[in-house]
Structure formats: C-alpha cells, structure tokens
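Residue-level structural notes
Listed below are the residues making up each chain.
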2 protein chains.
Amino acid sequence: MKHYDCVVIGTGPAGQKAAIQAAKLGKRVAIVEKNEVLGGAQINTGTIPSKALREAVLHLTGDGRSQLFGQSRHLKKNITIADLVSFSQRVIQNEWEVLRNQFDRNSVDLLWGKARFVSPNEVLIEGTDGDSLVSADYFLLGVGTRPARPENVPFNGKTIYTSDEMLHLDHLPKTMIVVGGGVIGTEYACIMATLGVQVTLVEGRDKVLGFLDQEIADAFQYFMRQRGITLRLGERVSEISEVEIPNNQGCMLVEARLESGKIIHAGSLLYAVGRQGVCRHLGLEKVGIEFDDRERLKVNEHYQTNVGHVYAAGDVIGFPSLASTSMEQGRRAICHAFGCCDGDYNSALFPYGIYAVPEISMVGKTEEQLTAEGIPYESGIANYREIARGQLLGDALGMLKMLIHQDTHKLLGVHVIGTGATELIHIGQAVMALDGDAEFFVNNVFNFPTLAECYKVAAYNGLNKLNNVYSGSCQPVTLS
Amino acid sequence: MKHYDCVVIGTGPAGQKAAIQAAKLGKRVAIVEKNEVLGGAQINTGTIPSKALREAVLHLTGDGRSQLFGQSRHLKKNITIADLVSFSQRVIQNEWEVLRNQFDRNSVDLLWGKARFVSPNEVLIEGTDGDSLVSADYFLLGVGTRPARPENVPFNGKTIYTSDEMLHLDHLPKTMIVVGGGVIGTEYACIMATLGVQVTLVEGRDKVLGFLDQEIADAFQYFMRQRGITLRLGERVSEISEVEIPNNQGCMLVEARLESGKIIHAGSLLYAVGRQGVCRHLGLEKVGIEFDDRERLKVNEHYQTNVGHVYAAGDVIGFPSLASTSMEQGRRAICHAFGCCDGDYNSALFPYGIYAVPEISMVGKTEEQLTAEGIPYESGIANYREIARGQLLGDALGMLKMLIHQDTHKLLGVHVIGTGATELIHIGQAVMALDGDAEFFVNNVFNFPTLAECYKVAAYNGLNKLNNVYSGSCQPVTLS
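In short, a report on the structure. This structure is a prediction, so every number in the text was calculated from the model and none was measured.

Definitions and cut-offs
Residues numbered from 1 in each chain as written. Chains lettered and ligands numbered in written order. Predicted model: local features only at pLDDT ≥ 70, side-chain atom pairs only at ≥ 80, totals over all residues. Heavy atoms only, no water. Helix = DSSP H or I, 4+ residues; strand = E, 2+ residues; numbered from the N terminus. Buried < 20%, exposed > 50% of the residue type's maximum accessible area, 1.4 Å probe, protein only. Contact = heavy atoms within 4.5 Å. Areas by Shrake-Rupley, 256 points an atom, 1.4 Å probe, with all protein chains shown as cover. Lys, Arg positive; Asp, Glu negative; His and termini not counted. Charge placed at Lys NZ, Arg CZ, Asp CG, Glu CD. Phe/Tyr/Trp six-rings, centres within 6.5 Å; stacked < 30°, edge-to-face > 60°. Pairing = 2+ DSSP bridges. Salt bridge = Lys/Arg side-chain N within 4 Å of Asp/Glu carboxyl O. Expected span 1.5 Å × (residues − 1).

Before going further, it helps to examine the overall build of chain A. Counting its secondary structure elements, chain A contains 15 helices and 22 strands. Projecting the C-alpha coordinates of chain A onto the three principal axes gives extents of approximately 80 × 70 × 40 Å. Looking at chain A as a whole, 61% of its 480 residues are labelled buried. Considering only intrachain contacts with a sequence separation of at least 6, the fraction spanning at least 24 residues in chain A is 61%. Counting only carbon and sulfur atoms, one obtains 46% of the accessible surface of chain A, whose full area is about 18,600 Å². Averaging the coordinates of the 44 positive side-chain charges in chain A and doing the same for the 54 negative ones gives two points 3 Å apart.

In structure tokens, the structure reads:
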C-alpha cells in the first residue's frame, strides 16, 4: 500500500490547486478522479462550457452592438445549444492538457477511479483496471457537486433538464421556464433571452442573486426584464409536468404550477435550484465525517471538516461555489495542513463574478451590509454612458459604484454591472487590499478611452457628496 | 475689459481639465475655442473618431473571432471609411454635450474665437461676432497640434493625406503606404490591415513606437507582419508623387521613393510623421514666449513656459501627446499656478495606451530602461493562451509581462499586448502606486475566467525565476 503525505479527491479547481500546492511544498501527493476527464464541473459541465456558450451567443448576436452599427445579424434558424457550445471543446481540451502537464511537472500521482475511505487514513480507489489502496496523513475533499434533481421533478433531459443536460440540447426552445434565480439560473436565463428565447424565471426569494448589493440587483432585474425575461419573484413552483395542450397539434409543453396558483407553460424548463453534494459513497462514516441533507460538508475557517486531518474545499462546502474561490480554498487548506503561512490576504476581498448579460462583479461589502454593521459610507457612481469608452462600446446601461468610508475615505466595496465587470473589479480590489482611498483614483491617470475611467468619475462623485462644496479649497476637486 | 484669474486657450483635454480645475478652486475662468466645436483633436479628429473607427472595424470583421466560431463575415464591397466613422458622430455629440454642461455647471465662460496675446496679460479674441479683449493673471495654452504637412509632400486629400482627411475618405483603398511608425501611423496601419487593405509602413527608426519595451515591440511587429503589413524600418521617404502606371488603364497611383532606392506604389498614402504646433498666430512674441521649429512650446516640470504666468499642456508640449496625460497636465498646471497641492501622484506611473490591433499598454519602466539604470529585475510573463479567458476570447497572441525588482519584489513596470490591454494595465498601475509587490498577485483571488488572472500567472512565473526551487519552503509557490 502506497503512503502519501496527502491525497486529494477530485480534480476540479479546489483539488487542482491543493495538489499542486502540496507538491510545491515538497510533499508526496496523489489526486484521484472518478470521471474519465480531468477538471470537474469547472472544465467539463460548468464554468468553461457556460462561458463558452455566452461568448458564442454574444458574438453571434453582435454583443448588443447591432443597434450601434445599424446592422443586425440573423442566427441560423436551426441553431442548437450543442452547436453553440461546440467551440468550447477546443478550450476544454486545452485545459485538460494544461492540468495534466501541471500534475506531471510537479510529480503529482494521478489516480483514476472512485475513492472511498475504508479507515480514517486509508482510501480504496476502484478503477476500471482494478482496485488499489492508498494511505495518507492528510486528505482534501474537492469532490464538487452535481445539479440537484428532486424526485418530484419529471426530468427527461429533453424538455425538463438541469444545467448539465442543457449543454447537449439538440434544439433551441422558443420558450423556457428557469426555476432558480441563483448564479446558474440567471446566467442561463440571460444567455437564452439574448438568443431570442422567451424566458420566465421563477425565484422563491424576492430578488435574484441574493448576495448582491440591492442597487445592482435592481438594475440587473430591470435589464433582465428589458431583455424580455419575465421575473416571478417570491414565487415557488409546486408542480412540474408535461402536458398536451388542446388544439395544439398534439404538441407537448412543460407546465409549472406555482404555489400562488399561477400556471406557466413553456417549451422547456431548466431546473437550477441548488446543487447536491456527492458524499454518500465516499465512506465518510468510516472517518466520522458528517454531511448535511444535500450531501455537503461543513468546514471551519481553515477548511477542516469535523475530523482534523480531512479538509474540504470548493462547491462541496457551499457558497460561493465559484471556481476562483474554490482554487484559493484548496490552496489554503493545504497550507494549513502543512503548517505553512499562506500570505496575509484578506478573504473579505474575494471577488464575485457573475457572467450574466450584462456581467456583474463585486468585492467587499454591499450598502445593506454596511448599514447593518453601522459603518458610515457614501457611494460614488459612474455610469458607462458618461464615459467615452462606454459610448464607444454602446453600453448605455453599465455602472460602477464604489462605497467610501465617510471619515477615512477608504474603499469599503466596489460593485460593477456592465461590459468587462469581472475584469474591472480587480482595480478596486487591489486598491482595497493595499489600503488605498478614494483620492487614489482622483490622482491617478487612466488611459483614455477606457472603462477604468469609471473609477475616477465614481471617486469624484462620492467625494463630492462627502465634501459638498470644495470651492476655494486646495483639496482634490470635482472635474464633472 | 473683463478680467479673469485665468484664461485657458483651447478646449481639448488639457484645456478642459485646466478650466474646470481653476473653477473648482473658486477662480474666475474663461476658456477660448477657435473652432466651431468643442473638444479639440481628442473629440473631433483624433482620439474619439479613430477609436470609433477601430471599434466599428473590429465589430464588422468579427474581432478576430471568425476563426474561432468558424463563421466569416463579409464586408459590404463598397464600404467607406466615412461610413465606418459615421457612428462616432453620436459619441462625438455626446462628448460635446458633456463638456458644455461641465463648463456651464462650473461657471466657466466659454468664449468663441481666435485668441491672440496683445500684451503679457491681455488676449484679443477675434470672434465671428466681433472682437473682445480680456485680461488675466494666468494663462494656460492647450492649443494642441495639427498633422505636420511638409511642403514637399503633394497632399491632395484623396490619395495623399494626413490622418485628419483620412476620416472623410469616400472609398476604401486597396493598398496604402503609411509613412510614420508612431502611435497614429501604427494605429491606422493596423485598422486598415484588419479591413483587408494591403499596408506598407515606412519608419525612419529601426522599430515602431520607440518608447515601447523591446519584447513588446518585437511581438507587435510580428503581429503586424502576420496581419499582412509590410514593415520598412530604418527607411526614409525621399519623394512622394502621383504617377500614372503604364498599362494600368490610366489609373493613378501614389509613388514613394525611399532613400535606400526602393520605390513603393500604392493606391493611397497616409502621412503620419509628426504633428505641428499652432503657435504662430498666438501673438506669443508680445509675451516673450519662444516656440520651436514645429511651433511647439517648452515647459518646465510645472508646465510653465519660459514666462512664468503662462502655462502650456497637452499636445503642444510634445510627447506623449495622449488625451489621458494631457488632462492631468492641464490640471496640474492650474494647481501649480494657484499654489494648490495636486496630490502626491507619481508621473512615472502615467500609463500609455495604444489602440492598435492588438491593443498595447504599459506603465512604469521598460527592460531597456531598467538595464540602463542598473536596476536589477526579473520578468514574469503570462501568455493569454495559458489563461482560460484568453482561450475563450480566441486571443492566442496576447501577453502580459511584469518586471519585478530582484531584491524587493516590487513592480517596476507592466507591459501588456492583447485584448483589453488598456484596461488591464490599471490593475498593475494601482499595485505599483500603492507599493505592492509581486506576491500581492499570488495571494490575490481573481475572478475566473478573466484576463486579470494573467497577473497571477506572470507573478508566479517571475517569482519562480527569482527563487528557482521553493521545494520544502513555506513561501508562496508556483501553481503552474
């Protein structure tokens, strides 16, 4: 039986970075993958394919700029989701190769098969070529999640499906019900609506993406509705079924009955409420690790489960379930396991990126959080339409908001909705991490024309509000 | 005669920000514009229209992504530059309005007419409605430049022209000679080549954009050649003429004779060598201000001319002649005039943005500068093709390079070539300004997938080279 310092289960973002980090610390590491391909949901069914689909859709529909150039592009009539996603294969293959090279270069043993604990320090790996038993001092569980599939939803993979099956659809539905207003539900709702699909989104809470700053969420909901999406907020689906519509040539439709009594019909339904851990068959009972009813693991601030030598990271530990944060969780878990400093980076500065249409990103606190915590702030806002670059891009909707401490003028949060939001956020994030204040942006020179100029405009806007009139003073002043 | 604290001549970027800054300091300000529209070259003939043209071209040709999606778009056969630029009118009108509102809101007197000093503190403004005389304590000259038009070049505005006339061309030439490898020459050469025009670029020095880091310049020259541009570097044009080509149906071509003896023919020629100040008619002799043979003004570090109460900023003072820096120069000049602190921002951190295809941007020092100054550094490189976002964008050429001090690990410079370069640079700029080091990027979490991740990859790459092998250590380590 081979002994390792560390065995990592799952090759998604959390597992990848954990294994490489351990290897770089000079540890003997193995990483186990039960699927036939590396990378988990990030590469194969989630992040990459959905972003590839988004790119393809924005490209083919002209990125919202048809209006700008007075030229409209027509999609092929019979385009399928599978067509649109196909170009992601090249990206996916590239990612596989990059990963495989990383494991090889760092002498990480890659073990193919299903892992199952047989004792607290022993894992049995059931591969197609037979079983093997390995032992380790530490374990990292980065086993990910799969879409939840409640039993009362009659999934058929053709008209009623989860996000996994959606990527393989052989047609583009005309109408779609999306159940769930989280990241996955809103991203797909926006992409489908951009393709001209009539979308109805049903979300149990009173807003989509509950973690967003309210002003950004309001703007996003406005944009979704402008794009033709019907939002049913504060509504729950009580029953989903396939029905034959009378006088409709025997055509089947999906019917969703809401608790409020409304009945909605559509050609298809994407079920995107929650994701489900996959812990049941890991033999966790042999180690004494508990999981919740959605098979997710609970960890402490060091990413340890209730059993100290077993760590968990990524989707399996729940929110935010983003590839970027999962990577960092995996890396930190390993740093903790091997008693290694992991930098002094503040996890309050994890960014959130939502690849909806438009893109949304945030770092730091929301207005609601600051108010609840009694931290006095002022907001500074820049609308893309005030910025030459926004005009050139034809993005009349985008906005950047920074939240500024009333006394210290330090940045407390940055919220962006619009083109390039996920990239732009990192300027504000760096300034927050390095303890800069709003005046930094006033004194900084930005390339012209860029969206980055929004930071300057927003800083002026916020500082103006804070200082009212500066006339006669020698302090930085408004340029707008 | 009305007396002002400050009179600003020219409503381009330098003048705009100077006037607003003075107004915000509570000063009485007038700004003078001799053209019929506000904004100078930035809004009307330079930055905005050329960027609008670039956007339109990238959009219509698919932004280099046709390849990615296996779909090619064909341009209208008879498309003209004027067509392509037309959409910029909306942007331009918007900018006029924004400017006009800013002047109004800040009580800046806008005086239309040609300004001419009649004494050191008096300016005569010759307007269409008659003349007026105003006096002021301080003056800021933001009069800009126009394309140089040497007498031995037979400009005709149709086949031989400067960048100003180019925007109004009523046809798209098949072949083009671009004389001058500065910002204007290379930007237009790339845009035309993207439209399928066969371009030959002639530059007297041995590389284009002499201020770029050599590695970036090399990459850029490679990309230009890949796009079909012929580079004639270290070559000078001795004669330009229109000639009738025998057996060519009486068709006229432009002929450029190079000093090396080569003769080049093309359907059109863009002359983009240098820009010319417009100081001759400002009555500067009444104040005792000198200008050089290209009618440009010399200023000290406070933007003062040789006469203390007259400042100058923007294109008229020469390099870098970018809208972004001109704005800051104007603002700082006024801050100095009125004895006002202007922040402690370091002008070594001015960014440079070149809107070629691909985009290029830099901040801080080049490798060549650091070597000349004896500052020990290591470079860290990230290629877009290693980054999921680069793969999704289909940008296989882009790269980000950071220069890291060998001892302190502080950032000394960031150089980006590729999609979004002008935006991305601001992350590195913020880290440099706030005294962060390369480790910042290692510990930072970036949204996935973004181009911003290049910073992390480049930081790992550079730190790896600096530290060779980290095995067994507890310091930040490579993930790649």
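So, about the packing of aromatic side chains. Residue and element names in this part refer to chain B. Tallied over the entire structure, the rule returns 20 aromatic pairs over all chains. When the centroid spacing of 5.2 Å and the interplanar angle of 75° are considered together, the rings of Tyr138 and Phe338 count as edge-to-face. Placement of Tyr138 in strand E6 (residues 130-141) and of Phe338 in the loop between helix H10 (323-337) and strand E18 (352-354) is noted, with a sequence separation of 200 residues between them. Assessed through its relative accessible area of 17%, Phe338 is described here as buried.

To continue, consider the sheet that holds strand E9 (residues 175-179) of chain B. All names here are of chain B. Reading across the sheet, the five strands line up as E8-E15-E9-E10-E11 and stay open at both edges, with parallel pairing between neighbours. Two strands close off the open sheet at either side, each with one partner strand: strand E8 (160-161) and strand E11 (230-233). Judged from the five bridges that link them, E9 and strand E10 (residues 198-203) form a sheet pairing that is parallel. In the strand pairing of E10, Met176 is matched with Val199.

Right, let's talk about the pattern of salt bridges for a bit. If the charged atoms of two oppositely charged side chains come close together, the side chains can form a pair. All names here are of chain A. In this structure the tally under the stated criterion is 41 salt bridges over all chains. With a closest N to O distance of 2.9 Å, Asp109 and Lys2 form a salt bridge. Remark: Lys2 occurs in strand E1 (residues 2-9) and Asp109 occurs in strand E3 (residues 109-112); sequence separation between them is 107 residues. You can call Asp109 partly exposed: its relative accessible area is 25%. Notably, a salt bridge pairs Arg54 with Glu359, separated by 3.7 Å at the nearest N-O pair.

What follows is about the environment of Phe117 of chain A. In this structure, Phe117 of chain A sits in strand E4 (residues 114-119). Separated by 164 residues in the primary sequence, Phe117 of chain A and His281 of chain A have C-alpha atoms spaced 9.1 Å apart.

All names here are of chain A. A rise of 1.5 Å per residue sets the reference length of helix H10 (residues 323-337), with its 15 residues, at 21 Å; its end C-alpha atoms lie 21 Å apart and thus fit the reference within 8%. Burial analysis of H10 places 14 of its 15 residues in the buried class, which makes it a mostly covered element. Where H10 terminates, the next one or two residues include Gly339, which has phi positive at roughly 60°.

What is shown is where atoms sit, not what they do.
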